[in-house]
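Residue-level listing of the chains:
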Amino acid sequence: MQVPLFRFTLAPHHRRLIAAIDRVVASGRFILGPEVESFEREFADYVGARHCVGVANGTEALMLSLRALGVGPGDDVVVPSFTFYASAEAVAAIGARPVFCDIDPTTFCLTPETVRSALTAHTRAIVAVHLFGYPAPVEELAEFGVPIVEDAAQATGGSGAGGRVGTLGTIAAFSFFPSKNLPCLGDGGAVTTDDPELADRVRMLRHHGSRDKTTFELVGFNSRLDALQAAVLRELLPQLDGWNAARRSAAARYRDLGLDRQVTVPSEPPAGEHVYHLYVVRHPRRDVLAEALREQGIEARSYYAQPIHRQPAMRSYAPNVALPGTEEAARSNLALPMGPELTAAESEHVVAAIERALAATTP
Ligand SMILES: *Cc1c(COP(=O)(O)O)cnc(C)c1O
């Protein structure tokens, strides 16, 4: 039996997607317009935020959010090192300085303690990443009085103690890259916020800093969500809760099968819902385990083995930071097959293979 890390087919939605694309082609409106506006309304309602602005991708959703907050050269932004590169790249790309904070390796997310030790006199924002779908403790960061940008790229549809991700901080960035929990057919992203002024600034920034394409008030970007992608997202958004519920069932099944006796399984948050963008376990001999799984047809992969503060482009921002939680996560993490379509038979095969592999390699 071959079990890929993720398998996800849009085949059941093929006709509906073609009809949505057909509708946009017939309308002749490809940039902004009614499909984008409708998706923005529907996604804001789904998340529970007052405003949503569709943008070109998740990376630019972060850049526009930070710019809308007034962050730029001379400012520091706290960001975890254990995350996808774009979380920190967005900070440097707008001229600010990423200051790397540690994570709790049991949640893979930042904590109030790790943020506190990364604060400087110039901190203008905190990027709270909901990594692998786990809701970062955003509410507990309010005490610092610093604006919080949620990086919700891996947690669309998830929730924390205070509600859905995308409503927990000051402003939030989403990605609809095809492998994310809510995919589109290419690149796409969104920003959500309750603050009308921030929403207005993101709306201008995505459109060359202009409201009307005649007067340019800001130096912005060309970063709009395509009408075609908005139409696709409008068809797929109603599926998101079902997909996330299936991911959560697959995670519960791994536990029921006794996986937690073999490896350290992902923590469940104290409140809210983990949406398992990835199912990431920890084990001290994860490379041996990954190889043994590969031999049994199971794809397993470690993430961010080279955390961002050790990436060549970011070394100048992290001359000598010590991030023990990050190093521990980088050393021991292993993503196992996960997705809305993971079957019971596949889960059983994965857990049995891990049992065999660890029994064979125990020193
Ligand atoms: C995917 C991702 C991004 C970037 O999203 P894109 O749409 O690919 O630009 C940012 N942060 C995290 C944590 C991600 O996983």
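Residues numbered from 1 in each chain as written. Predicted model: local features only at pLDDT ≥ 70, side-chain atom pairs only at ≥ 80, totals over all residues. Heavy atoms only, no water.

A look at the side chain of H207
Here H207 is to be found in the loop between helix 6 (196-205) and helix 7 (227-236). Dropping the residues within four chain positions of it, H207 is found in contact with L32, K213, F221 and R224. (Helix = DSSP H or I, 4+ residues; strand = E, 2+ residues; numbered from the N terminus. Contact = heavy atoms within 4.5 Å.)

Considerations on unusual backbone geometry
Positive phi outside glycine occurs at H208, with the angle close to 60°. Among the structural elements, H208 can be located in the loop between helix 6 and helix 7. On the basis of relative accessibility, which here comes to 32%, the residue H208 falls in the partly exposed class. Backbone geometry places Y304, a non-glycine residue, at a positive phi of 55°. Here Y304 lies in the loop between helix 9 (286-295) and helix 10 (324-332). (Buried < 20%, exposed > 50% of the residue type's maximum accessible area, 1.4 Å probe, protein only.)

Considering the pattern of salt bridges
By the definition in use, this model includes 23 salt bridges. Taking the shortest distance from any N to any O, the salt bridge between R234 and E42 comes out at 2.9 Å. A residue pair is termed long-range when its members are at least 10 positions apart, and R234 in helix 7 and E42 in helix 2 (residues 34-47) qualify at 192 residues. Judged by relative accessible area, which is 25%, R234 ranks as partly exposed. (Salt bridge = Lys/Arg side-chain N within 4 Å of Asp/Glu carboxyl O.)

Focus on the sheet that holds strand 5 (residues 148-151)
Read across the sheet, 7 strands follow the order 1-9-8-5-4-2-3 without closing on themselves; strand pairing throughout is mixed. Among the strands making up the open sheet, the edge pair consists of strand 1 (51-55) and strand 3 (97-101). If you compare each strand with its neighbour and ignore which way they point, the axes differ by 25° on average. Here strand 8 (residues 171-175) pairs with strand 9 (residues 189-193) via 5 bridges, running antiparallel. When the sheet's bridge partners are listed, A173 is paired in strand 9 with V191. Along the sheet, helix 4 (residues 86-93) makes contact with strand 2 (76-80), strand 3, strand 4 (123-129) and strand 5, crossing strand 3 at roughly 150°. (Pairing = 2+ DSSP bridges. Axes fitted to C-alpha atoms, helices over the stretch in contact; angles between N-to-C directions.)

A closer look at the side chain of N244
Along the chain, N244 turns up in helix 8 (residues 240-256). There is a polar contact of 3.0 Å between the side chain of N244 and the backbone oxygen of T156. Ignoring sequence-local partners within four residues, the contact set of N244 consists of T156, G157, N181 and V275. (Polar contact = N/O pair within 3.5 Å; in protein donor to acceptor, adjacent residues only side chain to side chain.)

So, the nonpolar core
Ranked by internal contacts, the top residues of the largest apolar core, which has 95 residues, are F43, F82, I126, F132, F174, F176 and L182. Here this core gathers at least three residues from each of two domains, domain 1 (11-238) and domain 2 (240-361). Grouped together as the second largest cluster of nonpolar side chains are 26 residues, V263, A300, L334 and V351 included. (Core = buried A, V, L, I, M, F, W, Y, C linked by side-chain atoms within 4.5 Å. Domains from an automatic or database assignment.)

Quick look at helix 7
Here helix 7 lies mainly inside the structure; 8 of its 10 residues are buried. All buried positions along helix 7 are accounted for by A227, Q229, A230, A231, V232, L233, E235 and L236. Where helix 7 is buried, its residues contact helix 1 (14-27), helix 2 and helix 8.

So, the site of the ligand
Around the ligand sit 13 residues, and of these G58, T59, D151, S175 and K180 come closest. Here S175 contributes a side-chain N or O atom positioned 2.7 Å from an oxygen atom of the ligand. For the ligand, the protein covers 92% of the area, taking 380 Å² as the surface of the free molecule. Cavity membership is defined here by more than half of the atoms lying within 2 Å of grid points; on that basis the ligand lies in the largest pocket. Mapped onto the shell around the ligand, the elements with two or more residues apiece are helix 3 (58-68) and helix 4. Class assignment of the residues belonging to the shell around the ligand gives a composition of 4 nonpolar, 7 polar and 2 charged. (Near = heavy atom within 4 Å. Areas by Shrake-Rupley, 256 points an atom, 1.4 Å probe, with all protein chains shown as cover. 1 Å grid on protein atoms, 1.4 Å probe; cavity = no way out; pocket = protein on both sides within 12 Å on 5 of 7 lines; lining within 4 Å. Sits in = over half its atoms within 2 Å of the grid points. Nonpolar A, V, L, I, M, F, W, Y, C, P; charged D, E, K, R; others polar.)

Looking at the domain arrangement of the chain
By the assigned domains, the chain splits into domain 1 (11-238) and domain 2 (240-361). Using C-alpha coordinates to define each centre, domain 1 is positioned 25 Å away from domain 2. Residue-level contacts link 44 residues of domain 1 with 37 residues of domain 2. Of the roughly 3300 Å² buried between domain 1 and domain 2 on both sides combined, carbon and sulfur atoms contribute 64%. (Buried area = accessible area lost by both parts, 1.4 Å probe.)

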